Every structure is written in structure tokens, then in C-alpha cells.
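Structural description and commentary
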Amino acid sequence: MGNIPNDLIELHLTSCTSLSARSLRTLSCFRHSLVSLSLFGCTNVFFHRARVPLACGEDEDEDEEDQLPRHTLASDFTFQGFGRLRLLNVGGLAAEVDVETLLKPLPALTSLDLSAVHLPRPAFLAQWRDRLGSLVLYNVDLSEELIRTVVRLNHLRHLDISRESQRSSKFKMTRKILTAVVQGLGNLLSLDISGHIMLDNCTVPHFEEAMGRPSMEPCKSSIYPFQELKRPLQFLGLYNTTLCNVTHIPAYKVTGSKNEDQVLNAIEAYREYRPELAHRAINQLFDIARIQHCNQLLRALQLVIGALKCHKYDKSIQVTGSAALFYLTNTEYRNDQSVRLRREVIEVVLNGMEQYQEVTVQRNCCLTLCNFNIPEELEFQYHRVNMLLLKILEPARQDESIQRIAVHLCNALVCQVDNDHKEAVGKMGFVKTMLNLIQKKLQDRMCDQVMEFSWSALWNITDETPDNCQMFLNCSGMDLFLECLQEFPDKQELHRNMLGLLGNVAEVKALRPQLLTSQFITVFSNLLDSKADGIEVSYNACGVLSHIMYDGPEVWALGEPDRVQVMDKMWDAIQSWDVSSRRNINYRSFEPILRLLPQSISPVSQHWATWALYNLVSVYPNKYCPLLVKEGGIGLLEKVLELESSQRETKDMARKVMEQCENFKEDPMDTSR
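Everything quoted here is computed from the prediction, not taken from an experiment.

What counts as what
- Residues numbered from 1 in each chain as written.
- Predicted model: local features only at pLDDT ≥ 70, side-chain atom pairs only at ≥ 80, totals over all residues.
- Heavy atoms only, no water.
- Helix = DSSP H or I, 4+ residues; strand = E, 2+ residues; numbered from the N terminus.
- Buried < 20%, exposed > 50% of the residue type's maximum accessible area, 1.4 Å probe, protein only.
- Contact = heavy atoms within 4.5 Å.
- Areas by Shrake-Rupley, 256 points an atom, 1.4 Å probe, with all protein chains shown as cover.
- Core = buried A, V, L, I, M, F, W, Y, C linked by side-chain atoms within 4.5 Å.
- Salt bridge = Lys/Arg side-chain N within 4 Å of Asp/Glu carboxyl O.
- Lys, Arg positive; Asp, Glu negative; His and termini not counted.
- Polar contact = N/O pair within 3.5 Å; in protein donor to acceptor, adjacent residues only side chain to side chain.
- Pairing = 2+ DSSP bridges.
- Axes fitted to C-alpha atoms, helices over the stretch in contact; angles between N-to-C directions.
- Phe/Tyr/Trp six-rings, centres within 6.5 Å; stacked < 30°, edge-to-face > 60°.
- Lys NZ or Arg CZ within 6 Å of the ring centre and 35° of its normal.
- Parallel < 35°, antiparallel > 145°, perpendicular 65-115°, else oblique.
- Left-handed = near helix turned anticlockwise from the far one by under 90°.
- Patch = residues over 30% accessible without salt bridge, like charges linked within 9 Å, V, L, I, M, F, W, Y side chains within 5 Å.
- Charge placed at Lys NZ, Arg CZ, Asp CG, Glu CD.
- Nonpolar A, V, L, I, M, F, W, Y, C, P; charged D, E, K, R; others polar.
- Disulfide = S-S within 2.5 Å.

1. Notes on the overall build of the protein
Secondary structure summary: the protein contains 27 helices and 13 strands in total. Considering the protein as a whole, with its 673 residues, one finds that 53% of them fall into the buried category. Long-range pairs, those at least 24 residues apart, make up 70% of the contacts in the protein between residues at least 6 apart in sequence. Accessible surface for the protein amounts to roughly 30800 Å². Of this, 49% is attributable to carbon and sulfur atoms.

Spelled out as C-alpha cells, the structure:
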């Protein structure tokens with residue numbers, strides 16, 4: 001431990017179970033300077049470590065600790081010389097350690113935490129009668145002797161004699177004991193008696209205490225012993241007791257389960273050292289957010305975030321905390337949350353997904369992410385969130401609900417983002433992962449949301465992204481397309497998603513030769529007659545063929561089907577569509593359509609492109625008229641009118657597109673359309 005300063009004042013270690021008695025040598029180096037020391041949960045620090053077999057080449061006499069049998073108590077350490085030590089936490093100290101002997105050399109302590117420590121002879125605590133200001137005896141077995149000793153520590157300002165659970169205690173908290181505590185400890189500001197069985201004689205009759213508004217004045221206290229307090233307590237722990245339900249409690253901050261304020265106080269008080277209690281309180285907050293209404297949203301979120309960060313590997317905290325976050329970030333509460341706070345939630349959710357592979361945690365985290373605007377709010381963690389979702393989807397068999405939510409998120413993340421993002425996600429294995437999911441669903445002969453979302457995600461990630469289109473072909477995507485068509489002939493949404501994706505592939509000139517086979521062209525040609533999902537499947541099949549036809553007759557090296565016959569079928573399909581059809585499609589750019597306009601190689605491709613533009617600018621003028629003008633579409637439509645090869649119907653439609661855009665420019669504020 002080379003460069004540690006020899007004037008260390010504070011050292012806080014929590015649950016460092018790997019530390020052994022060897023660490024105590026280093027600790028002794030700071031005996032002249034240490035003022036505050038916490039060894040909470042360091043259960044092995046007063047024991048010598050078990051002997052570890054030596055690695056090849058190590059010296060046999062390296063350390064005497066390695067020569068001792070397993071779990072040997074260290075007898076050579078003493079707190080002698082730690083003269084400046086004032087605050088000490090040895091919570092969780094093993095029963096084999098003689099706590100009285102260990103602490104005897106520390107007469108100047110002002111704060112002592114003995115949580116869960118065995119105290120067979122509690123009278124030794126009296127040595128700090130004139131010094132001790134804070135004493136924590138959480139989960140310590142109370143006895144009359146211990147209580148008698150404690151009430152003599154008249155300088156105490158904070159006393160904690162709480163328990164995790166009533167079940168594990170034989171001790172009953174009586175009116176007499178509480179009265180003794182209040183009378184003996186006149187300086188008390190903070191008291192925790194959570195988890196104790198309370199005898200009924202502690203409280204005033206219900207009809208009496210229900211009178212008047214809730215009061216913190218000790219003289220009005222519903223709890224008899226607290227009527228003797230000189231002033232209200234700063235803190236009173238009543239969690240998991242019946243006392244938290246009374247009306248008049250003389251304390252500024254109370255832990256309990258009666259209302260939201262008590263529950264939040266409990267999370268705040270117990271989240272660091274008592275995850276077992278924090279977990280219970282977060283569970284109650286979950287119910288408040290789910291069934292009632294959370295009034296202290298900001299505080300609630302910050303406390304849950306803090307608990308999740310503090311207990312990354314505690315399953316119960318991660319499960320209840322992630323569930324609470326889902327309800328605390330939903331639409332009802334969204335307006336009260338800042339960008340910074342929502343980002344903090346996202347980060348802690350991603351931490352949970354990263355560090356805890358438990359099914360419930362993963363599901364809760366994925367559901368919570370669905371409460372955010374995707375992709376906008378997740379963009380600052382874009383790479384990380386995609387990596388985590390793909391990792392969730394990796395296993396051959398996954399929990400059905402998690403799979404569905406994760407695929408939905410993947411789809412939303414690649415929708416409406418720039419091409420750089422799509423390429424980066426493609427390189428992470430996105431295309432392969434989606435195709436694997438499709439393959440599994442095919443094996444199960446199941447067309448469900450996972451199947452449809454997977455094809456939709458592939459449609460989005462291949463949009464204007466040639467590298468991802470190439471990956472789709474390289475990973476046998478076309479084989480899966482044909483198998484899905486054959487296995488699920490009546491699944492309209494599936495067909496639409498698949499054809500949309502193939503439209504993206506067909507836009508890439510270098511990849512079109514791979515689509516130009518008798519089998520594929522026959523399939524596309526047959527789908528021109530499809531009435532699935534309105535015109536969408538027929539429209540997308542025609543789009544794929546339009547790009548292939550645009551490459552000219554010289555590349556058509558097929559015997560069957562005949563190129564002219566396919567083109568005639570395309571004309572017939574276009575003529576059958578209703579130009580006022582509302583669409584299930586979203587164009588970010590018209591560039592792939594516009595390139596089909598100023599050409600005479602394939603008039604039917606030109607006609608499909610013109611029909612597509614007329615439909616979109618007619619039905620959605622506010623969105624698509626500005627886009628068409630911005631991308632130079634008007635000039636290209638004028639060329640359509642100039643070309644002799646352009647069909648009369650195509651020219652008529654081109655004029656209508658231009659008129660539509662002209663009218664839109666003249667009256668851009670018209671919102672009736």
C-alpha cells in the first residue's frame with residue numbers, strides 16, 4: 001500500500017469481506033491520526049486468511065498468515081494507541097471477537113455503531129457515559145441489562161435500538177422501557193425503535209388521539225412516553241411498528257409506512273447500511289406511485305436512484321428499485337422531470353442491465369426505457385443501450401416478454417436516426433441478431449410481435465445504409481424472406497415489413513444483381529397482386545421491381561419471367577391503387593425515388609416514382625411538399641414533362657405534383673389538410 005499518507009483522518013470501508021487480519025497492520029500505521037473509522041460489514045478483518053496454495057516459484061516463508069489454518073482469530077491486534085479515534089463503526093463484527101476487550105483502549109469515543117454485534121456483557125458501554133453522543137445497536141438482541149446501561153449514557157443525542165424484523169425478536173417494547181429512555185436521555189434528538197413489537201399500552205385511546213389536527217408538540221403526543229420530551233425529536237424511526245400510524249408524533253422526520261413522507265424518510269435513512277429495510281420501503285413507494293400518486297416526485301426519484309447506485313449487486317433492491325422507476329417515469333409524472341434527472345434515470349437503468357442479468361431486473365429496466373422518447377432521449381447513451389439490448393437478445397431461448405420489449409426498443413432506436421448511427425449499430429451485430437430471432441421463430445412456426453418487430457427493425461436499419469443491406473444478404477436474409485412468405489402467407493404486417501426492407505436493398509445498385517433471379521422476380525411479381533395492408537405490399541413490391549427495371553434490359557439475363565410481362569403487370573398494379581390512400585410509411589428523403597424520374601430506360605419505374613410523389617404530397621402536404629422542393633424534385637418533374645419517352649399518364653401526374661407544391665407554397669398556413 002505504497003503511497004498512503006501517514007496522517008489519514010477518515011477511513012470508511014463497507015462490506016469489504018476480502019479484507020483479513022493482514023489489513024490491520026496497515027491500519028495500525030494510522031493509529032496516531034485516525035479520527036473516524038468504519039469497518040461495517042468487513043466480517044473477516046479480525047481473522048487470518050486461509051492458507052492459499054503457493055504459485056510456482058513463490059517462497060515458502062513469505063507470510064506467517066498463510067501458514068495458519070482457516071478462519072483463525074487475530075490475537076495480536078489492539079486499538080491501543082488510537083488516541084484520536086472518535087467515531088467507530090464495527091457493525092457486523094463476528095461473535096468470536098470479544099468486543100469489550102477490543103474497544104476498551106478507546107475511552108474518547110463519541111460515536112459507536114455495534115449493529116448486529118453480540119453483547120453478552122453490555123455493562124462495558126458505561127465507560128463512555130460522559131462522552132458518547134451516538135450509539136447504534138441495530139439488530140442487537142436487547143435485554144433489560146442493556147437498556148439499563150444505555151439509559152445511563154446521558155450525553156446521547158442519537159440512539160438506534162431498531163431491528164430488521166419483529167419475527168426475530170423476543171424482546172417487547174413496553175411503555176416503561178420507552179419512558180426510561182426518554183427520562184434518562186434528556187439530550188436525545190434522534191431515536192430509532194423500528195421493527196419492535198409494541199405493546200398497546202404505549203398509545204392514547206383512538207377516540208382521544210383522533211381529536212384535532214396532527215401536532216408535533218410533545219404534550220399532545222399519541223405515544224405516552226414521548227409526552228415527556230422537552231422538545232420534538234429531529235428524527236424518530238418507527239418503521240415496521242404500529243406506532244407510525246398514530247396521529248400526533250413529536251418528531252420533524254418520521255420513518256414508517258403510514259404515508260409517502262414516512263416511506264421516503266425510511267428510504268433516505270436506511271438505503272446505505274440497511275438494504276433489507278430500504279428494499280421494503282421502495283416496495284411501498286412502488287405501490288404509492290402505481291396505485292395512488294407520488295407527490296414528492298423529485299425526492300422519490302433521487303432516493304431510488306441513490307439506492308440503486310449504492311447496491312448494484314443486491315437483487316431485491318435492483319428488482320424493486322427498477323420497478324419503482326418504471327412507475328415514477330411514466331407519462332403521468334413526465335412534465336415534472338428535468339432533462340438532467342431523466343438522464344440520471346437512464347444511466348442507472350443501463351447500469352442495472354449491465355450488472356444484473358436477472359430476468360425481472362432486465363424486464364423492469366427495458367420497460368422503464370419505454371417511458372422515454374426514443375431515440376431522442378437515449379441518444380446520449382446510444383452505443384451503450386444498443387449493445388445492452390443486443391446482449392439481452394443473444395441467448396438462444398429468452399424470456400418471451402423481455403424479448404418482445406427488447407426488440408421493440410431496438411426497432412425504435414434505429415428509426416429516425418442518421419445513417420452514422422445505423423452503420424455503427426450494424427457493426428455491433430444488429431442485423432445478424434434480428435435474423436437469428438427470425439430463424440428461431442420460423443423453427444417454432446410462430447409469427448408473433450417479435451417476428452414482426454424484427455423485420456421492422458431490419459427495414460429501419462437498412463434505410464439508405466448500403467453496408468447493412470449487404471449484411472442482410474450475406475446473412476442469408478433472402479432465404480428467411482422466402483421461408484416467412486411460405487410459412488405465413490396471410491400475415492399482412494409481416495409482408496409489409498419484409499417488402500419495405502427489400503425496397504431498401506433494391507435501392508443499392510451494387511446489390512440489385514443478387515435480387516435478379518427467376519425465383520425472386522417471380523415472388524415480387526406475384527406480390528404485385530397482393531391486397532395485404534391496403535396498397536403497402538403491392539407498392540413495395542413494385543418499388544423493388546422499379547429499381548431493378550431501371551438497370552435496363554441488358555442486365556435481365558432471365559428466361560422466365562419475361563421482362564415486358566413483368567412491366568405490364570407493374571402498370572396494372574399502379575393503375576389499381578387509390579392515389580388518396582393513407583400510408584404506413586415514412587420517407588426521410590426522396591432521393592431514391594427522384595433518381596427514377598429523369599430517365600427513359602424504364603417508363604414504368606418513372607411512373608411508379610411519380611405516383612409515389614403524388615400520393616405523398618396530396619395526402620401529407622405539410623410534410624412532403626417542403627421535402628420535395630428542398631431536394632430539387634420540381635426540376636426533375638419538369639424533365640419528365642420534356643422526355644418523349646414519358647407516358648401521358650405519367651406527365652399528367654407530374655403536373656399534379658407540381659401544382660400541389662405550388663398551392664402549398666401559396667398557402668403554407670392551411671391546416672385543414
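Still to come is the rest of the account.
2. Focus on the nonpolar core
Inside soluble globular proteins, nonpolar side chains tend to come together where they are buried. W455 and F481 are the most contacted members of the largest nonpolar core, which has 155 residues in total. Discounting residues that sit within four places of it in the chain, W455 has contacts with I438, F472, G477, L480, F481, C484, L494, N497, M498 and L501. L39, A74, I147 and L238 belong to the second-largest nonpolar core, a separate cluster that totals 71 residues.

3. Let's talk about the pattern of salt bridges
By the definition in use, this model includes 26 salt bridges. The residue R588 makes a salt bridge to D463 at a minimum N-O spacing of 3.6 Å. Of the two residues, R588 sits in the loop between α22 (563-576) and α23 (591-594) while D463 sits in the loop between α16 (449-461) and α17 (466-474), which places them 125 residues apart along the sequence. According to the relative accessible area criterion, D463 is buried, its value standing at 19%. Note that K509 and D551 form a salt bridge whose closest N and O atoms lie 3.4 Å from each other. Of the two residues, K509 is situated in the loop between α19 (492-506) and α20 (518-527) and D551 in the loop between α21 (536-550) and α22; the sequence distance between them amounts to 42 residues.

4. Some words on the side chain of E260
Tracing the backbone through its elements, the reader meets E260 in helix α6 (residues 260-270). Despite its burial, E260 pairs with no opposite charge, the nearest such side chain being R299 at 7.2 Å. Within polar-contact distance, the side chain of E260 engages the backbone nitrogen of N295 at 2.8 Å. Not counting chain neighbours up to four residues away, the residues in contact with E260 comprise I288, H293, C294, N295 and Q296.

5. Details of the sheet that holds strand β7 (residues 134-136)
Taken in spatial order, the 9 strands of this open sheet run β1-β2-β5-β6-β7-β8-β10-β12-β13, and their pairing is parallel. Lying at the two open borders of the sheet, with one neighbouring strand each, are β1 (10-12) and β13 (251-255). In this sheet, adjacent strand axes meet at a mean angle of 5 degrees when their direction is disregarded. Two strands pair when backbone bridges link them, and strand β10 (residues 190-192) and strand β12 (residues 233-237) are joined in this way by 3 bridges, in the parallel orientation. For D192, the partnering residue across the bridge sits in β12 and is G237.

6. Focus: the packing of aromatic side chains
Considering all chains together, one arrives at 18 aromatic pairs under this definition. Between the aromatic rings of F124 and W128, the centroid separation amounts to 6.0 Å while the plane-to-plane angle is 75 degrees, which identifies the pairing as edge-to-face. The two residues F124 and W128 agree in class, both being buried. Here the aromatic rings of F286 and Y327 are separated by 5.2 Å at their centres, their planes lie at 70 degrees, and the arrangement is edge-to-face. Residue F286 is located in helix α7 (residues 275-291), and its partner Y327 is located in helix α9 (residues 315-328); the two are separated by 41 residues in the primary sequence. Ring pairing ties together the aromatic residues F46, F77, F79 and F82, which thus form one cluster. The cationic tip of R274 hangs over the ring face of Y138; the distance from NZ or CZ to the ring centre is 3.9 Å. Taking NZ or CZ as reference, R343 lies 4.4 Å from the ring centre of F380, over its face.

7. Observations regarding the side chain of Q362
Secondary-structure assignment places Q362 in helix α11 (residues 359-369). If we ignore the near neighbours within four places in the chain, the residues touching Q362 are M353, Y356, Q357, I392 and I402.

8. A closer look at the environment of D261
Tracing the sequence through the fold places D261 in helix α6. Since its relative accessible area comes to 35%, D261 is described here as partly exposed. The spacing of D261 and Q296 is 35 residues in sequence and 8.2 Å in space, taken between C-alpha atoms.

9. A few points about the packing of α7 against α9
Relative orientation of the contacting elements α7 and α9 amounts to 25 degrees, with a least axis distance of 9 Å. As judged from the angle between their axes, α7 and α9 are roughly parallel. Note on packing geometry: the crossing formed by α7 with α9 is left-handed. Mapping the contact onto sequence places P275, A278, H279, I282, N283, L285, F286, A289 and R290 in α7 and S316, I317, T320, G321, A323, A324, Y327 and L328 in α9.

10. A closer look at unusual backbone geometry
Each neighbour pair has its own omega, and for I374 with P375 the value is 10 degrees, a cis peptide bond. If you trace the backbone, P375 turns up in the loop between α11 and α12 (382-392). Along the chain, E560 connects to P561 via a cis peptide bond; the corresponding omega equals -10 degrees. Phi is positive for S15, close to 55 degrees, though the residue is something other than glycine. Locating S15 in the fold gives a position in the loop between β1 and α1 (22-28). What makes S15 partly exposed here is its relative accessible area of 44%.

11. Here we look at a negative patch on the surface
Side chains of E376, E379, D418 and D420 sit close together on the surface and give a patch of like negative charge. With respect to the helices, strands and loops of the structure, D418 is situated in the loop between α13 (400-413) and α14 (419-427).

12. Comments concerning the packing of helix α18 (residues 477-487) against α19
Put simply, α18 and α19 touch, their axes get as near as 11 Å, and they point 155 degrees apart. The pairing of α18 with α19 is recorded here as roughly antiparallel in orientation. The two elements α18 and α19 meet at a crossing, and its hand is left-handed. Residues M478, F481, C484 and L485 of α18 form the contact with α19, whose participating residues are L494, H495, M498, L499 and L502. Classifying every residue of the contact of α18 with α19 by side-chain character gives 8 nonpolar, 1 polar and no charged.

13. Points about the state of the cysteines
Note: disulfide means a covalent bond formed between the sulfur atoms of two cysteine side chains. Counting across every chain of the model gives 0 disulfides. Between C310, a cysteine without a disulfide, and C16, which holds the nearest cysteine sulfur, the sulfur-to-sulfur distance is 12 Å. Judged by its relative accessible area of 41%, C310 falls in the partly exposed class. Lacking any disulfide linkage, C542 is separated from the closest cysteine sulfur, that of C469, by 19 Å.

14. Structural notes on the environment of I288
Relative to the helices and strands, I288 is located in helix α7. For I288, a relative accessible area of 7% corresponds to the buried category. Once the C-alpha coordinates of I288 and Y327 are considered, the two residues, 39 residues apart in sequence, prove to be 9.4 Å apart. I288 has contacts with E260, V263, H293 and C294, leaving out every residue within four places of it along the chain.

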